Amino acid sequence: MGIRIEQDFPAVLKTPENKLLEYGTGCASIADGYVEFKSEFVPLFKMGTRLRIVRVKDEVETQVFTGEVYLSSEKMLRLVSVRDEVLPGAISAYLYDVKFTGSASAMILPQEQPRKFFSFGSRQETVPVWQEFPVTVYALSLGRLKFTCSVPLAQGQRFTMTVGDPPLLEDITLEVELPVAFGEGETGSYRCRILDLFGENQRRLEELLRELSLAANKAFPPAAGSATAPASPGAVPPEP
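Thresholds, definitions, all that
Think of each chain on its own: its residues are numbered from 1, step by step along the sequence as written. Thresholds applied to this predicted model are a pLDDT of at least 70 for local features of residues and 80 or more for the giving and counting of side-chain atom pairs; totals over whole chains, interfaces and linings are not thresholded and use all residues. To get the side-chain values, all heavy atoms of the structure are used, and hydrogens and water are removed first. Patch definition: residues with relative accessible area over 30% and no salt bridge; like charges joined within 9 Å; nonpolar side chains (Val, Leu, Ile, Met, Phe, Trp, Tyr) joined within 5 Å. Residue-level accessible areas treat just the shown protein chains as cover; the underlying method is Shrake-Rupley with a 1.4 Å probe. Salt bridges are identified by distance alone: a Lys or Arg side-chain nitrogen within 4 Å of an Asp or Glu carboxyl oxygen. The numbering of helices and of strands both runs from the N terminus, where a helix is a DSSP run of H or I of at least 4 residues and a strand a run of E of at least 2. Helix span, as expected, comes to 1.5 Å for every residue beyond the first. To sort residues, take the accessible area from a 1.4 Å probe on protein chains only and compare it with the maximum for the residue type: under 20% means buried, over 50% means exposed, and anything in between is partly exposed.

Looking at this model, I keep getting lost on a nonpolar patch on the surface. Mind explaining?
Together, Met-47, Tyr-70 and Leu-71 line one region of the surface with nonpolar side chains, adding up to about 330 Å² of accessible area. By the element assignment, Met-47 lies in the loop between strand S3 (34-38) and strand S4 (50-57).

Would you mind going over helix H2 (residues 199-217) with me for this structure?
Residues three or four positions apart in an α-helix share a direction because the helix packs 3.6 residues into each turn. Given a rise of 1.5 Å per residue, 19 residues ought to cover 27 Å, and the 27 Å separating the end C-alpha atoms of H2 matches this to within 8%. By the burial criterion, the buried members of H2 are Asn-201, Leu-205, Glu-206, Leu-208, Leu-209, Ser-213 and Asn-217.

Hey, could you run me through the pattern of salt bridges in this one?
Should their charged atoms come close, side chains of opposite charge can pair. On inspection of all chains with the given rule, the structure shows 12 salt bridges. Between Lys-75 and Glu-40 there is a salt bridge whose closest N-O contact spans 3.9 Å. Residue Lys-75 is found in the loop between strand S5 (60-72) and strand S6 (76-86), and its partner Glu-40 is found in the loop between S3 and S4; the two are separated by 35 residues along the sequence. Since its relative accessible area comes to 49%, Lys-75 is described here as partly exposed. Salt-bridge contacts for Glu-177 lead to Arg-144; the nearest nitrogen and oxygen are separated by 2.9 Å. With Glu-177 in strand S11 (residues 169-181) and Arg-144 in strand S9 (residues 144-149), this residue pair connects regions lying 33 residues apart in the sequence. Owing to a relative accessible area of 18%, Glu-177 belongs among the buried residues under this scheme.

This is the structure:
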């Protein structure tokens, strides 16, 4: 839980009232209960001052750490007595590990058969055909998906997919962002953009991602006597 935050991450330093103070990087020690903020210049604060370190991904605020200043220097600040809240933006900013089988449909060029040694005549033109094929989805966010299959797909290619049984996502349209093929006849891996997400597809995916986001990112326990971490004003909503 929260393992990702133990490495450096883009961050902003803010007051409890959500006023921006500085841009930099953050990291945390969950075991020792502190979060640090580093930058070329960090304002100096008295010990015990309450501040926030906000984790950011592609300009989306994904998690906020609130605590009290324990160390303060010109390039580093450490907060202790830390509480954190995973923000709604985390479900769109990060890909989460999953394992779902599914099926996809796309226009595929048939694999060209090798020509016989003494064959004559002009080569016939290959025409794409609509093909359905199995896939394994291994990563998801609100706007992206990664999967493997044995069918070659091109960058920019659009196709449809149904994920899960019963379906988590049904007949969604995707576009290949990055194909990574491992050789002819072998499994390829693809990162895709989700082009249409609405209705039950969006509801089911958001519910799953909220659970995965908390499991992957939540790091510090809530305050004593509170069932959840304190709410943060100015939380960034998920991307459409």
